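Residue-level structural notes
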Amino acid sequence: MPPGLTRPSHEITDGEQLAKTREQFLTAEAIDPNQVRDAILASWWRSRRWNVAADRLDLTYLRDPNLDTPLTRSALPVLRHLRENLDGQPISIILTDPAGLVLTRLDAGRDLDAHLERVNLSPGFSYAEENVGTNGIGTALEGGRPMQVFGHEHYAENLEDLACAGVPIHHPISGKTVGAVDLTCWRKDADPLLLTLAKTTAGQIQQALLTDSGIRELELLQEYLRTCRRTAGIVFALNNDVVMMNDNARHVLDPAEQSVLLAQAAETLASRNPRASVVVELPSGARARMYCRPVSGQGRMAGGVVHVRLSELGVRPRAETVTPTRMFLPGLVGSGALWLRGCHQVQSVYAAGEWLALEGEAGVGKLAVVRAVHQRHNPGAHFAVLDAAAAASPGWLADARRELLDGQGALVIQHVDKLSTGLLRALALLLQESLAATPPWVAVTLSQRHDDGELAELLRFFPSTVELPPLRHHAEDVQALVPVFLARLVTGGRLTCSPEAMQLLGRSSWPGNTEQLWQVLRRIVQHRRSGAIQPADLPPECRTVSRRLLSALEAMERDAIVRSLIDWDGNKIKAAASLGMSRATIYRKIHEYGIVAHAN
């Protein structure tokens, strides 16, 4: 076995001080942050916001794990070899999926196995941080990096006798997190080298995934090339990690159309009838018929090759079934993982009838998500919105009281973090009063997390908190948002977005989020109402990748620099001279504002 994996308990210990700090945190007392590691303290705060119970573990068995996946096929031989090398050491070897669902746990000895069964660290249970609180598996997956958690660092007291070292497993080609490997032992036997061994094991699994993926991707590539030689027109191939697309597909289809076809192809290939011929309606109004052919490698699904034929606009034959651009919720589009996760969480909270605090940067779409969820579940019910930014106006509290005591439909209070201390107390009293009656479903939105003060007291009325991601964290959804927004702004599909302009929009970091994208398109349609939006139609802010909102003066300076660079065809020296700037100044400003310019 690898040397130095265990050591006497007196050499590594949580210490009574850590246990006391954890107890103070759980009872909302002031703590000394120097007594706990930063990563652990951050996880404790997340666990509190998720309302994880610290005094018990009450996990629900989710499902029988699927052990016939690329991850398990690659990982199990590595884990069994590690088990043999550990030579009976009481160390449990655990494999999970990317959501923390335990897929398999190798034998670690009778006593440790029995304890792990009691705390549900078993196949079919999820150890995601939002379910269990701080732990080696969930905290590693939440942070996207290796994590070790010893004893009292665990949020749940049932786990304080354990030590865990968890490492996310990333796919070697796509970079996506596909799971985690975790080594768990008794706290008294723990050693920091446990994390080193977990990292090594994760690396071996990733290498095995690369070998397996290489064979499957080769099969897919060969079939893709055969199809391209035999077939004229649009051809692409895909699996969970790779997309291949011929020149015809890139030139004929704009990014939004590519996204729609790839999403429908993935769904068809995963269905019971993967060889189906499917008609898809594209954002432009054109129709495309897809012919899907699954590809197998080593007896397993390696992906699929798709041939697409575009048809002209016209009368649709009755026998054709058209698949429109799908919306997850009424009026909302987007397929980014973080975006869908937030939407799913809001849906779950709404369905459970729990009041909700919805966090996120300004413009991410908090109100839009709540409205869409309400429309899906109770389309005819009352839906009221109160903006706390206007709370200083006469009658605001009276309006809030009336909505709360009427007990109908749903009430959303926007920008609750902008309320003054006095108004926060008054609103808390109204919420308390409404609970004695039959209140409506209530959600509040806020831009920043607050863990103390009057706002924290108000948020005690909201057992669930969901955070929506900024647009830069699901930038792939820009391609879906643009055609939807253009359809709302210009009827009849008369205005589209060229691939070149879409590329610039996709590269922007959108510090103002979805609202900023909407406002940009609103300004564009004031001077272009038909045809295709070109890069020259885009405002200067779309030629920058700044991650902060600029002041009015900064925005004016940025716009002047961008226009000058366009006028001088990207020549920074001439642009600087025309603006009366030195060369050093314009280079510094280009970097500071994140201006995308051709080198010259």
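Just above sits the structure.
Here the structure is a predicted model, which is why all the values come from computation and not from measurement.

1. Concerning the side chain of Glu223
Structurally, Glu223 can be placed in helix H7 (residues 193-230). Since its relative accessible area comes to 13%, Glu223 is described here as buried. Here Arg293 takes part through its side chain, which lies 2.9 Å from a polar atom of the side chain of Glu223. Discounting residues that sit within four places of it in the chain, Glu223 has contacts with Arg230, Arg293, Val295 and Val305.

2. Things to note about the sheet that holds strand E3 (residues 147-150)
Strand order in the open sheet formed by five strands is E2-E1-E5-E4-E3, and the pairing between neighbours is antiparallel. The sheet is open, and its two edges are formed by strand E2 (102-106) and E3, each paired on a single side. Here the average twist between neighbouring strands, direction ignored, is 15°. Bridge count for strand E1 (residues 91-96) against strand E5 (residues 177-186) is six bridges, and the pairing is antiparallel. Bridge pairing in E5 places Ser92 opposite Thr184. Across the sheet, helix H3 (residues 70-86) is in contact with E1, E2, strand E4 (162-170) and E5; its angle to E1 comes to roughly 175°.

3. Some details on the pairing of E3
Neither face of E3 is exposed, since Met147 and Val149 on one face and Gln148 and Phe150 on the opposite face are all buried. Strand direction decides the pairing type here: E3 and E4, joined by four bridges, are antiparallel. Each residue of the ladder has a partner; that of Phe150, found in E4, is Ala163.

4. Concerning the environment of Leu197
On the secondary structure map, Leu197 appears in helix H7. Along the sequence, Leu197 and Val167 sit 30 residues apart, while their C-alpha atoms lie 9.9 Å from each other.

5. So, unusual backbone geometry
Positive phi is not limited to glycine here, since Asn51 has a value of about 60°. Along the chain, the position of Asn51 falls in the loop between helix H2 (38-49) and H3. Given a relative accessible area of 45%, Asn51 falls into the partly exposed group. A positive phi is found at Asn120, a non-glycine position, where the angle reads about 60°. Residue class for Asn120 comes out buried when judged on its relative accessible area of 16%.

The rules behind each value
Per chain, the residues get numbers from 1 upward, laid out in the order the sequence is written. Thresholds applied to this predicted model are a pLDDT of at least 70 for local features of residues and 80 or more for the giving and counting of side-chain atom pairs; totals over whole chains, interfaces and linings are not thresholded and use all residues. Only hydrogens and water are set aside; all other atoms, that is, all heavy atoms of the structure, feed into the side-chain values. Runs of H or I in DSSP of at least four residues are treated as helices and runs of E of at least two as strands, each being numbered from the N terminus. Relative accessibility thresholds used throughout: buried, under 20% of the residue-type maximum; exposed, over 50%; partly exposed, between the two (1.4 Å probe, protein chains only). Distance and chemistry together define a polar contact, namely a pair of N or O atoms within 3.5 Å, with one atom able to donate a hydrogen and the other to accept it when in protein, and with adjacent residues in sequence counting only for side-chain atoms on both sides. Residue contacts are defined here by distance: any two heavy atoms, one from each residue, within 4.5 Å place the two residues in contact. Here the rule is simple: two strands pair whenever DSSP picks up at least two bridges between them. Here an angle of 0 to 180 degrees is reported between the N-to-C directions of two axes, which are lines fitted to C-alpha atoms, with helices fitted over the stretch in contact.

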